[in-house]
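# Structural overview for review
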Amino acid sequence: MHTALVTGADRGLGFALTSRLLSDGWRVIAGRYLEDWPELPELAERHRERLVIVPLDIGSDESVHIAAKLASAQTNSVDLVIHNAAVSTPLKDLDLRGGLDYGDMKRIYNINALGMLRVTEAFLGLTDAGSMKRQCVVSSEAGSVERCERRAWYGYCMSKAALNMGTMRLYEQLRPEGYTFRLFHPGWMKTYMSGVKSEEGELEADEVAEAAARYFVEPGEADDRLVMRDWSGKEWPW
Amino acid sequence: MCRVWRDEGNAVLAARAGGAGNEAAAGTDELERVWFNPLEEASVRAMAAKAGETMGRIDLAIICLDNRKEFALREGFDSGEAMELYDYNALGPLRAIEALLPCMGEGSKRIGLLSDVRDSLTEPMGARHIGYDMALAARRMSVQIMANALGGEGYTFRAAVLDLEREREEPREELAAGACRVLSDLADREVLRVVRME
């Protein structure tokens, strides 16, 4: 049985991916950020043997290391990591004329860009022992410099561009060790990233999770070339 | 670059960047100087105020902030250091440009940056500078957004991309002169150009 780690598994895409993997017979270590959100515990009632919930704040070194220890107590290896946790901000429309909030930009970067590195490093002992050695990163078209037409959203777009760069450098380092990577833009989803579920998106988490799970799990050309693909399979430029 | 522009007859204010304790570092080339800490908004605003007082208007603002550290996964990745690199290399230029904009509205509206070849996502560079490289990618994105936002007001942006590590060890005058030309060609009104300097 394969084992996956999913960050930000409480709701939205992370929860949908967790459900999907469980349905496909995977064992899932689900990183839980929201103590009071009920869906993960309810899912655990249905999958007692294969769903392990660990508290996980990817913005905190301490939390990530504790989560890795808790996971190590449950399993000897992790085959696939899905770096899904991310945040947005209500301050995204601030611009240079109105004054940027640099503290908020650092908060976003700490989670969206550095969180992936924290988790990757803390779980290396488990992923090194895994059979797939696959790192899946949920990024965004907002990280594509070439396609960027925004006039604001500095903190979010900068964090996603940095995430893409970090994934590229990890690919360079870890691919010779047998790791493979998937970089994914989920499309315009109805997310909870601002705290409450947005109804403005075009896609529900479940339909995106179906495409994402296939991309994340199956072998493909992405094994030997790092690309960012969206839910429809389209490649996005850097 | 400061010397090149000064020798061409331009008024040049050299804003020396550094942390606390570096305020008194003296220059030897008779350039008008001001010190600022790119990590502190108050210090950046004070630098911009001094620039406004000294220069009246600014035609060309060049940002050369660059601070790098080596660290990689499996070798002691430090998230605090990675955040410092973002703060300095990506947010520092934004703070400076935001503060300088009020002095630039009457000028030629050119903003230039020096960047490093490691900001490339298409060339393999190795993972030893992963925190630095991520900060450069973030900065590259911020320049694109600034160009989108301010291009309509007549601002133009140029990034001269160099191997800054090599230049630090063996500075080449001709490369500085080339970067000056790229950054200060005000007749070129393309909103954004990123030019690799060889």
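Presented here is an overview of the structure given in this document. (Residues numbered from 1 in each chain as written. Chains lettered and ligands numbered in written order. Predicted model: local features only at pLDDT ≥ 70, side-chain atom pairs only at ≥ 80, totals over all residues.)

### Quick look at the interface of chain A and chain B
For clarity, the threshold we go by: Whether two residues are in contact depends on their C-beta atoms, placed from the backbone: they are in contact if these lie within 7 Å. Each helix is a run of DSSP H or I of at least 4 residues and each strand a run of E of at least 2, with the numbering of both proceeding from the N terminus. All amino acids are sorted into three groups, where Ala, Val, Leu, Ile, Met, Phe, Trp, Tyr, Cys and Pro are nonpolar, Asp, Glu, Lys and Arg are charged, and the leftover types, Gly among them, are polar.
Each partner contributes to the interface: chain A provides 37 residues, whereas chain B provides 36 residues. Contributing elements (two or more residues each) for the side of chain A that touches chain B: helix H4 (102-112), helix H5 (114-122) and helix H7 (154-174) of chain A. A per-class count over the side of chain A that touches chain B returns 21 nonpolar, six polar and ten charged.

### Observations concerning the packing of H4(A) against H7(A)
Residues and elements named next belong to chain A. What counts here: Between N-to-C directions, angles cover 0 to 180 degrees, with each direction set by a line fitted to C-alpha atoms, over the stretch in contact for helices. Any angle that falls under 35 degrees is termed roughly parallel, while one over 145 is termed roughly antiparallel, one within 65 to 115 roughly perpendicular, and all others oblique. Note on convention: the crossing is left-handed when the near helix lies turned anticlockwise from the far helix by less than a right angle, right-handed when the turn is clockwise.
Where H4 meets H7, the axes come as close as 9 Å, and the angle between the chain directions of the two elements is 30 degrees. Taken together, H4 and H7 sit at an angle that is classed as roughly parallel. As for how H4 packs across H7, the hand of that crossing is right-handed. Here Asp104, Met105, Ile108, Tyr109 and Asn112 of H4 lie close against H7, whose contacting residues are Tyr154, Gly155, Tyr156, Met158, Ser159, Lys160, Ala162 and Leu163.

### Description of the sheet that holds strand E7 (residues 228-230) of chain A
All names here are of chain A. The criterion, for reference: Between any two strands, pairing holds if DSSP finds at least two bridges.
The eight strands lie next to each other as E3-E2-E1-E4-E5-E6-E7-E8, forming an open sheet whose pairing is mixed. At either end of the open sheet lies a strand with only one pairing partner, and these are strand E3 (51-55) and strand E8 (235-236). Bridging between strand E1 (residues 3-6) and strand E4 (residues 80-83) involves three bridges; their strand directions are parallel. Residue Leu5 lies in a different strand from E4, and its bridge partner there is Val81. Where helix H2 (residues 39-46) meets the sheet, its contacts fall on strand E2 (27-32) and E3, and the angle it forms with E3 comes to roughly 150 degrees.

### Some details on the pairing of E3(A)
All names here are of chain A. Stated precisely, the cut-off is as follows: A crossover counts as right-handed when, viewed with the strands pointing away from the observer, the path leading from the first strand over the helix to the second turns clockwise.
Pairing of E2 with E3, which is carried by five bridges, proceeds in the parallel orientation. Note that in E3 the partner of Ala30 across the bridge is Ile53. The handedness of the E2 to E3 crossover, carried by H2, is right-handed.

### Description of the environment of B:Ala135
Along the chain, B:Ala135 turns up in helix H4 (residues 130-150). Between the C-alpha atom of B:Ala135 and that of B:Asp119, which follows or precedes it by 16 residues, the distance is 8.5 Å. Excluding residues within four positions of it along the chain, B:Ala135 makes contact with A:Ala162, B:Leu85, B:Tyr86, B:Asn89 and B:Ala90.

### So, unusual backbone geometry
Selection rule: Whether a residue is buried, exposed or partly exposed follows from its count of other C-beta atoms within 10 Å of its own C-beta, namely 20 or more, 12 or fewer, or something in between, respectively; the C-beta atoms are built from the backbone.
The backbone phi angle of A:Trp153 is positive, close to 60 degrees, even though this residue is not glycine. Overall, A:Trp153 belongs to the buried group, with 20 C-beta atoms counted inside 10 Å.

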